[in-house]
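# Commentary on secondary and tertiary structure
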Amino acid sequence: MDNMISQRSLEQMAARRDRSGSFWLIQALSGLVLVILLGTHMIAHHFIVEGGLRDYEQVLDYVSNPVIFTLEVLFVILGVAHALLGVRAIVTDMRPSAGTLRVVNWILAAFGIVAIAYGVYLAVALQRLAG
Amino acid sequence: MPDIQPTTDPARPKSSLRAWFDVRGRSISTLAFALNRLTAIGLTVYLFLHLAVLSLLLRGPEGWDAFLSIAKSPLFLTLDVVLLFGVVYHMFNGIRVALVGMGVAHRQQKGLFYGLVGIGLILFVVGAILIYTA
Amino acid sequence: MAEQMIEFKVSRYKQGQPGPTYQTFKMLCDENTTVLVALQDIRRDLDDSLTLRHSCHHASCGTCGMRINGKEELSCVVKVLELGTPVVTVEPMRNLPIISDLVVDMEPFYDRFNSVGLPFIRGSEFLEDAEIAEGLEAYGRYENCIECNLCMSACPIMGSDETYLGPATLAAAWRVVEEPRGLPVKPLLDWVDSENGCWRCHVAYECNVACPSEVYPGDKIMALRRQLTKRKFRGLFGK
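Quick caveat, the model's predicted, so the values are computed rather than measured.

### Section: the sheet that holds strand S4 (residues 71–74) of chain C
Residue and element names in this part refer to chain C. Strand order in this open sheet of five strands is S2-S1-S5-S3-S4, and the pairing throughout is mixed. On the outer flanks of this sheet lie strand S2 (21–29) and S4, each paired with one strand and no other. Each strand of the sheet is rotated relative to its neighbour by a mean of 35 degrees, with strand direction disregarded. Direction of pairing for strand S3 (residues 65–68) relative to strand S5 (residues 87–91): antiparallel, over a ladder of two bridges. Bridge assignment links arginine 67 to a residue of S5, and that residue is glutamate 91. Sheet strands in contact with helix H1 (residues 35–45) are strand S1 (4–12), S2, S3 and S5, and its direction is about 105 degrees off that of S2.

### Structural notes on the interface of chain A and chain C
Opposite the 21 residues of chain A that make contact, chain C presents 25 residues. Among the elements of the structure, helix H1 (7–14), helix H2 (20–46) and helix H4 (66–93) of chain A are those that each provide at least two residues to the side of chain A that touches chain C. Along the lines of polarity and charge, the residues of the side of chain A that touches chain C split into nine nonpolar, six polar and six charged.

### Let's talk about the pairing of S5 of chain C
Strand direction decides the pairing type here: S1 of chain C and S5 of chain C, joined by four bridges, are parallel. Residue pairing for S5 of chain C: glutamate 7 of chain C is matched across the bridge by valine 87 of chain C.

### Quick word on the environment of cysteine 151 of chain C
All names here are of chain C. Mapped onto the secondary structure, cysteine 151 falls in helix H4 (residues 150–154). Along the backbone, cysteine 151 and valine 209 are 58 residues apart, and their C-alpha atoms lie at a distance of 8.1 Å. Those residues in contact with cysteine 151 that sit more than four places away from it in its chain are Pro167, Ala168, Cys207, Ala210, Cys211 and Pro217.

### Some words on the nonpolar core
In summary, soluble globular proteins display a tendency toward joint burial of nonpolar side chains. Phe8, Val35, Val90, Cys151, Leu170, Val192 and Leu224 of chain C are the most contacted members of the largest nonpolar core, which totals 88 residues. Ranked by the residues each element gives to this core, the list is headed by helix H4 (residues 74–101) of chain B, at ten residues. Each of domain 1 (4–104) and domain 2 (107–125 + 136–236) of chain C contributes no fewer than three residues to this core. With near-sequence residues (within four places) excluded, valine 35 of chain C lies in contact with Ile68, Ser75, Val78, Val80, Val88 and Val90 of chain C.

### What to know about the environment of glutamine 27 of chain A
Residue and element names in this part refer to chain A. With respect to the helices, strands and loops of the structure, glutamine 27 is situated in helix H2. Taking the C-beta count within 10 Å as the criterion, glutamine 27 has 23 such neighbours and is therefore assigned buried. Once the C-alpha coordinates of glutamine 27 and serine 97 are considered, the two residues, 70 residues apart in sequence, prove to be 23 Å apart.

### Observations concerning the interface of chain B and chain C
The interface of chain B with chain C comprises 27 residues on the first partner and 31 residues on the second. Where the side of chain B that touches chain C is concerned, the elements lending two or more residues are helix H1 (16–21), helix H2 (28–53) and H4 of chain B. Looking at the side of chain B that touches chain C residue by residue, the classes come out as ten nonpolar, eleven polar and six charged.

### Points about helix H3 (residues 56–63) of chain A
Burial in H3 of chain A covers these residues: Tyr56, Val59 and Val63 of chain A. Take H3 of chain A and look down its axis: the buried residues cluster within an arc of 65 degrees, on one side only. Where H3 of chain A is buried, its residues touch H4 and helix H5 (98–130) of chain A together with helix H3 (61–71) of chain B.

### Topic: the domain arrangement of chain C
Residues and elements named next belong to chain C. With domains assigned, chain C is organised as domain 1 (4–104) and domain 2 (107–125 + 136–236). Between the C-alpha centres of domain 1 and domain 2 there is a distance of 28 Å. Counting residues at the interface gives eleven residues for domain 1 and 15 residues for domain 2.

Conventions used here
- Residues numbered from 1 in each chain as written.
- Chains lettered and ligands numbered in written order.
- Predicted model: local features only at pLDDT ≥ 70, side-chain atom pairs only at ≥ 80, totals over all residues.
- Pairing = 2+ DSSP bridges.
- Helix = DSSP H or I, 4+ residues; strand = E, 2+ residues; numbered from the N terminus.
- Axes fitted to C-alpha atoms, helices over the stretch in contact; angles between N-to-C directions.
- Contact = placed C-beta atoms within 7 Å.
- Nonpolar A, V, L, I, M, F, W, Y, C, P; charged D, E, K, R; others polar.
- Core = buried A, V, L, I, M, F, W, Y, C linked by C-beta atoms within 7 Å.
- Buried ≥ 20, exposed ≤ 12 C-beta atoms within 10 Å, placed from the backbone.
- Domains from an automatic or database assignment.
- Arc of directions from axis to C-beta.

Put into structure tokens, the structure is as follows:
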């Protein structure tokens, strides 16, 4: 009852392994952490203060707390990574050529780095304004 | 072992949007996938718009509080409720996709959908009421 | 037996046409008429140019797969009147080129199966109540999968990218991991740990619904992913 696959085929199969599983795991695990981070963020900014949305002073007051600052920075990093990995997955499902996918990877990576840098800069600037 | 070749069928050109979002006759899990993908696209667009709008905070209270007066208008509150639905659905179905996708509780994936998204919908209704009444 | 006149809206396509069109046929059906029998009657009595595949007529060969009212089914076991619609739409399976009418080119499907070493036979357990003939130590039986392609037709990811290995292939790969029977498992796991492999599944589980033969490809894809997740975490900790 033994089946056969040729040695050459086995070698070709083994060579197919790539990083896509790691990308998916990063997206899944970041998503699970984002449940806490985004949940906290939504509740804090929409539902706690009177009137719902925080005004300028209330935002500064919130971000001045070092724990909150850390959570918001982590939120930006994981949120942007999760979103852009998701965009990559959607693009991959449309079967782009290898060249197109490489360009998409670079664009998403660059966009992500800029977005995260801007988000962190914003958080630091607000914390400084809060004194 | 040759590469899997794309099958070109001139009679039926590929349409990604139809493949993902035409849910007629499909099961609840495919509906779940379609809505997850739709909310993902919406939330991604929102995320970057939101990051851009937050730059108003750097203009001081005048810049931010002026924006707040628009953000508390009925139209914006309704958009907020739509955003809340997207967040809640994507979050709770996302928990299911993450767990099932790692092979955890995958035989109970349908129950997980009803349970988790059910909890999410309750939270959504509560949140929507709070948004409108705050 | 109560009979009912049913309208069949059948997808028609011949090579050279720009795309499929629909042709309507009316057939009298009773409570035992299956979609396959109705189509064969249409071919015999109304239009002998209608092409379709069939063989065993009892859901064990997987030949007669098609879409009936938008859903992937084996037409030999779908009773027309149980569908409950006065119009029954019949279309070929998705994601494979149409050769003619309801017949699709199955070669891309079989090519994938060849890649996993054609795991058709597996070991089976003895039933508790069975009287075992003397000298018998083990049973063999055919794998559940009847290679009907319904899961591959139903998969929304196959719908946008047919280079995805797909539920049937991945389910067959998992069966080899579960029961290697002399085949090396690591190269197969490496093969599915790839862009077109098991990570492309987005948990739609339409394959589980479409499968007529208790393969549950969706569950098998997740079993592969559990195995690969454990492998990745073990790799992170240097084991």
